[in-house]
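# Coordinates in review
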Amino acid sequence: MRVYETLYLLRPDLSEEEYAKVLEKFKGLIQRQNGVLIKEDLWGKRDLAYPVQKFMQGYYVLLHYAGEPGISFELEREMRLDERVMKYHTIKLQDRYIPGEAEEKAQEPEQKEEPETTPSEEE
Amino acid sequence: MEELKIKRPYARRKFCRFCADKSLVIDYKRPEILRQFTTERGKIMPRRITGTCAKHQRQLANQVKIARIMALMPFTTAVLK
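Counting starts from 1 at the beginning of each chain's written sequence and moves along it residue by residue. Working convention: letters from A go to chains and numbers from 1 go to ligands, in the order in which they are written. Predicted model: local features are reported for residues with pLDDT of at least 70 only, side-chain atom pairs are reported and counted for 80 or more only, and whole-chain, interface and lining totals are derived from all residues.

### Considerations on the overall build of chain A
- In this description a helix means any DSSP run of H or I spanning at least four residues, a strand means any run of E spanning at least two, and both kinds are numbered starting from the N terminus. Along the backbone of chain A there are three helices and four strands.
- Burial in this document is a count-based property: other C-beta atoms within 10 Å of a residue's C-beta are tallied, and the residue is buried at 20 or more, exposed at 12 or fewer, or partly exposed in between, with C-beta positions derived from the backbone. Counting every position in chain A, which comprises 123 residues, the buried fraction comes to 26%.
- In chain A, the proportion of contacts linking residues at least 24 apart, taken out of those at least 6 apart, comes to 77%. By the convention adopted here, residues are in contact when the distance between their C-beta atoms, placed from the backbone, does not exceed 7 Å.

### Section: the overall build of chain B
- Helix and strand counts for chain B stand at five helices and zero strands.
- Taken from N to C terminus, the helices and strands of chain B fall in the order α-α-α-α-α.
- Split into buried and exposed, the 81 residues of chain B put 23% on the buried side.
- For chain B, contacts bridging at least 24 residues in sequence account for 67% of all contacts bridging at least 6.

### What to know about helix α5 (residues 54-69) of chain B
All names here are of chain B.
- To estimate how far a helix should reach, multiply one less than its number of residues by 1.5 Å. Here α5 spans 23 Å end to end across 16 residues, near enough to the 22 Å set by a 1.5 Å rise per residue.
- Packing partners of the buried residues in α5 comprise α3 (31-34) and α4 (47-50).
- Two residues or fewer after α5 comes Ala71, characterised by a positive phi angle close to 60°.

### So, the sheet that holds strand β4 (residues 85-94) of chain A
All names here are of chain A.
- Strand order in the open sheet made by the four strands is β2-β3-β1-β4, with antiparallel pairing throughout. The two strands at the open ends of the sheet, each matched to only one other strand, are β2 (36-52) and β4. Here the strands of the sheet are splayed against their neighbours by 20° on average, with no regard to which way each runs.
- Where strand β1 (residues 2-10) lies against β4, eight bridges are found, and the strand directions are antiparallel. The residue bridging Thr6 from the neighbouring strand is Thr90, located in β4.
- Each axis is a line fitted through C-alpha atoms, taken for helices only over the stretch in contact, and angles between the N-to-C directions span 0 to 180 degrees. Together, β1, β2 and β3 (55-67) form the strand contacts of helix α1 (residues 16-32), whose direction differs from that of β3 by roughly 25°.
- Against the sheet, helix α2 (residues 71-81) makes contact with β1, β3 and β4, and its axis sits at roughly 170° relative to β4, the strand it touches most. By this definition, two strands are paired if DSSP reports at least two bridges between them.

### Thoughts on the confidence of the model for chain A
- Per-residue confidence from the predictor is reported as pLDDT, which spans 0 to 100. For chain A, per-residue confidence averages 84 on the pLDDT scale, and residues scoring 70 or more make up 81% of the total.
- Segment residues 110-123 of chain A is flagged for pLDDT under 50; beyond a separation of four residues in sequence, or across chains, it makes six contacts in the model.

### Focus on the packing of α1(A) against α2(A)
Residues and elements named next belong to chain A.
- At a closest axis distance of 10 Å, the pairing of α1 and α2 adopts a crossing angle of 150°. Classified by the angle between their axes, α1 and α2 sit roughly antiparallel to one another. The way α1 lies across α2 gives a crossing that is right-handed. Each of Phe26, Leu29 and Ile30 in α1 lies in contact with α2, whose residues at this interface are Ile71, Glu74, Leu75 and Glu78.
- Its residues assigned to classes, the contact of α1 with α2 shows five nonpolar, no polar and two charged. Convention used here: angles under 35 degrees read as roughly parallel, angles over 145 as roughly antiparallel, angles from 65 to 115 as roughly perpendicular, and any remaining angle as oblique. We call a crossing left-handed when the near helix sits turned anticlockwise from the far one by less than a right angle, and right-handed when that turn is clockwise. Only Asp, Glu, Lys and Arg are considered charged, only Ala, Val, Leu, Ile, Met, Phe, Trp, Tyr, Cys and Pro nonpolar, and every remaining residue, Gly among them, polar.

### Let's talk about the nonpolar core
- Tyr8(A), Leu9(A), Leu10(A), Val85(A), Ala67(B), Met70(B) and Leu72(B) are the most contacted members of the largest nonpolar core, which totals 35 residues.
- In contact with Val85(A), other than residues within four places in its own chain, are Tyr8(A), Leu9(A), Leu10(A) and Met79(A). A set of buried Ala, Val, Leu, Ile, Met, Phe, Trp, Tyr and Cys residues, joined to one another through C-beta atoms within 7 Å, is what we call a nonpolar core.

### Digging into the pairing of β1(A)
All names here are of chain A.
- Counting buried positions along β1 gives eight out of nine residues, so the element sits mostly inside the fold.
- Relative to β3, β1 is paired through nine bridges, and the arrangement is antiparallel. Bridge assignment links Thr6 to a residue of β3, and that residue is Leu63.

### Some words on the confidence of the model for chain B
All names here are of chain B.
- Predicted confidence across chain B gives a mean pLDDT of 86, with 83% of residues reaching 70 or more.
- The least confident element of chain B, judged by mean pLDDT, is helix α1 (residues 2-7) at 56; the most confident is α5 at 95.
- Under the prediction, the complex receives an ipTM of 0.75, its pTM being 0.77.

In C-alpha cells form, the structure reads like this:
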C-alpha cells in the first residue's frame, strides 16, 4: 500500500451539515476502497489567493491515507464529479505503508509548527 | 587590476537558508514560508538574489507551483485591486 496526501477545497457557501456530509463522503470512499485513513486535517475557511469559481474563500481539507495505487484515482474522480469540490491535489508521500510509522510522521509537522522562522538573518 | 578591485562593492556572501536552517521546510502547505522567496507580485525569486542552492531552489519552485494550483499563493496580483 502507498501513502497519499490529498488536499481539497470546498465551496464556502456550504451549510454546516452539507460540509460534514462531504467530509464523511470522502472518508467513506477511502474505507470502501480498502484504504486506511491516517489523518484528516480541517484547515477551516480560508482566504484564497485568487478567486475560484468567483469565491474568495473556501474550506480546505487535508487527508492522509494509505491504499492500493488505484485509490487516489478513484478519490479524484469522485471529487471531479462533485460540484461542492472546487479544487483538489494529490501527492504520494511514501511507496510503502508501515502501520504506525506513517501516523507518527503525520503528527510531527504539527507539533513543531512554530519554530519561529524569522526572515531577518538575510543582510 | 587595481581598478577592478576598487570597482567591486562590498557584498555579503549569500547562503542557502534551507541548508542553514533545517526547520525551514519547503512545503506547498506552508505558503508563509514560500512567500519569502517570491516577489510581491508572486513571482519566484531567482537564486542569484536569494542565494538558495540548486537543490532547494528546485524543490521551492515545484512547491510554489503546487501552492498556486491550490489557491494558497497567487499566480499574479495583477487581477486584484
